Amino acid sequence: MAEVKTGLVLEGGGVRGIYTAGVLDVFMENSLTFDGLMGVSAGAIHGCSYLSGQKGRSIRYYRKYVSDPRFMSLRSWIKTGDIVGADFCYHELPDKLDVYDHDAFLHNPTPFYVVCTNVETGLPEYIPLTDMKGQIDYLRASASLPYFSRIVELDGKKYLDGGCTDSIPAQAFLRMGYGRCVVVLTRDAAYRKSPEMRAIARLLYRKYPAFIQALEQRHVMYNRQLETVSALEKEGRVFVIRPTHPLTIGRLEQDPAKVQQVYDTGRADAIAALARLQAWLAQ
């Protein structure tokens, strides 16, 4: 009988995703590994440090740079069209300031997928990343927030934030042959998404009607995914770790103390769930 593959699914959420970094550091401390990892936006970003085994890296550079205008700022948005500084975050930081361990990533056999939204089709794409240096722009595309980022053009396609079309890609992993998933969410159990700003979407993305439709239906998609995850959890096919209370920061938080608090919450929730998770994984 074939062994069931277990995937790790990481939701996005901008700076709120530092919660996931706390969870992942606890996973590393306890040598928890998975047969595949799929990350969306900030989930993909923090998943990188997990796959390279760099415990503490995410919170270290967030504490140091989250209030730096080169990292994320309205000034960057006005000057470049990207509220997150593309050159700083995806080149200077991992190449020089807090060096990413590319060798460790390359030697980690865990398949890694990032979710990007194809702006022209309005559909999600699941991009396998095997080279963090050569494919870094796919990571950037997955985390490029609509309204606050330029469209990222790669290999003749146009991409933005994967969370626009598949925020919690547990079903995508199941379709790929993974029998079960651990899902890390960045919203508490009571949260439900509200509709997008339709007028702004129709103005900014008027050349991309399929993407406009995706944005207009994003809240429906997300809330339906929450229901699906809940049903899969009851069936024993999904194990969920999520904030036990609403997180107090938004997507673009710049206060290092608040960022630290949310990271600590992720650690505490992961530690509280650890024994149950280890027993579930051992089944």
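Residues numbered from 1 in each chain as written. Predicted model: local features only at pLDDT ≥ 70, side-chain atom pairs only at ≥ 80, totals over all residues. Heavy atoms only, no water.

Q: Sorry if this is basic, but what is going on with the overall build of the chain here?
A: Within the chain one finds 12 helices and 8 strands. The C-alpha radius of gyration of the chain comes to 18 Å, within 12% of the 19 Å expected for a compact globule of 283 residues. A buried classification covers 57% of the 283 residues belonging to the chain. Of all intrachain contacts in the chain linking residues separated by at least 6 positions in sequence, the fraction that spans at least 24 positions is 74%. (Helix = DSSP H or I, 4+ residues; strand = E, 2+ residues; numbered from the N terminus. Rg over C-alpha atoms; globule rule 2.2 N^0.38 Å. Buried < 20%, exposed > 50% of the residue type's maximum accessible area, 1.4 Å probe, protein only. Contact = heavy atoms within 4.5 Å.)

Q: What am I meant to see in the pairing of strand β4 (residues 123–128) here?
A: Consecutive side chains along a regular strand alternate between the two faces of the sheet. Bridge count for strand β3 (residues 112–118) against β4 is 6 bridges, and the pairing is antiparallel. Bridged to Cys 116 within β4 is Glu 125. Taking the residues between adjacent antiparallel strands as the criterion, β3 and β4 are bridged by 4 residues, where Gly 122 takes a positive phi near 70°. (Pairing = 2+ DSSP bridges.)

Q: In this structure, what is going on with helix α3 (residues 57–65)? I would like to understand it.
A: Given 3.6 residues to a turn, an α-helix orients residues that are three or four positions apart in the same direction. Turning to α3, its buried residues number three or more, namely Arg 57, Ser 58, Ile 59, Tyr 61, Tyr 62 and Tyr 65. Residues of α3 that are buried sit in contact with α1 (18–29), α2 (42–51), α5 (86–97) and α12 (256–281).

Q: It is not clear to me how α12 should be interpreted in this structure. Could you clarify?
A: Taken as a whole, α12 carries its principal kink of about 50° at Leu 274. Regarding α12, the residues found buried are Val 259, Val 262, Tyr 263, Thr 265, Gly 266, Asp 269, Ala 270, Ala 273, Leu 274, Leu 277 and Trp 280. Residues of α12 that are buried in the fold lie against β1 (6–10), α1, α3, β7 (180–184) and β8 (238–241). Of the residues flanking the start of α12, the one acting as N-cap is Asp 255, its side-chain oxygen 2.9 Å from the backbone nitrogen of Ala 257. (Bend = angle between axes of the 7 residues up to and from the residue. Polar contact = N/O pair within 3.5 Å; in protein donor to acceptor, adjacent residues only side chain to side chain.)

Q: What is the right way to look at the nonpolar core in this model?
A: If you look at soluble globular proteins, the nonpolar side chains tend to sit buried side by side. Among the nonpolar cores identified, the biggest contains 61 residues, and Leu 8, Phe 27, Phe 71 and Phe 112 are the most heavily contacted of them. Residues within four places of Phe 71 in sequence aside, it is in contact with Tyr 61, Tyr 62, Tyr 65, Val 66, Ile 83, Val 84, Gly 85, Phe 88, Cys 89 and Leu 93. By size, the runner-up hydrophobic cluster in this structure holds 21 residues, among which are Val 9, Met 38, Ala 172 and Leu 226. (Core = buried A, V, L, I, M, F, W, Y, C linked by side-chain atoms within 4.5 Å.)

Q: Quick question: what am I supposed to make of the side chain of Ser 58 here?
A: Structurally, the position occupied by Ser 58 is in helix α3. Apart from residues no more than four positions distant in its own chain, Ser 58 is found in contact with Ile 18, Ala 21, His 46 and Ser 49.

Q: Is there a simple way to explain unusual backbone geometry in this structure?
A: With the exception of glycine, most residues fall at negative phi, and the peptide bonds are largely trans. Located in the positive-phi region is Ser 31, a residue other than glycine, with phi close to 55°. Of note, Ser 31 is situated in the loop between α1 and β2 (36–40). The phi torsion at Asp 155 lies on the positive side, around 50°, for a residue other than glycine. One can find Asp 155 in the loop between β5 (152–154) and β6 (157–161).

Q: For this particular structure, what's the right way to read the packing of α3 against α5?
A: The packing of two helices is summarised by the inter-axis angle and the distance between the axes. Between α3 and α5, the shortest axis-to-axis distance is 13 Å and the interhelical angle comes to 110°. Here α3 lies roughly perpendicular to α5, going by the angle between them. α5 is crossed by α3, and the crossing has right-handed handedness. Residues Arg 57, Tyr 61 and Tyr 65 of α3 form the contact with α5, whose own contacting residues are Phe 88, Leu 93, Pro 94 and Leu 97. Of the residues in the contact of α3 with α5, the class split is 6 nonpolar, no polar and 1 charged. (Axes fitted to C-alpha atoms, helices over the stretch in contact; angles between N-to-C directions. Parallel < 35°, antiparallel > 145°, perpendicular 65-115°, else oblique. Left-handed = near helix turned anticlockwise from the far one by under 90°. Nonpolar A, V, L, I, M, F, W, Y, C, P; charged D, E, K, R; others polar.)

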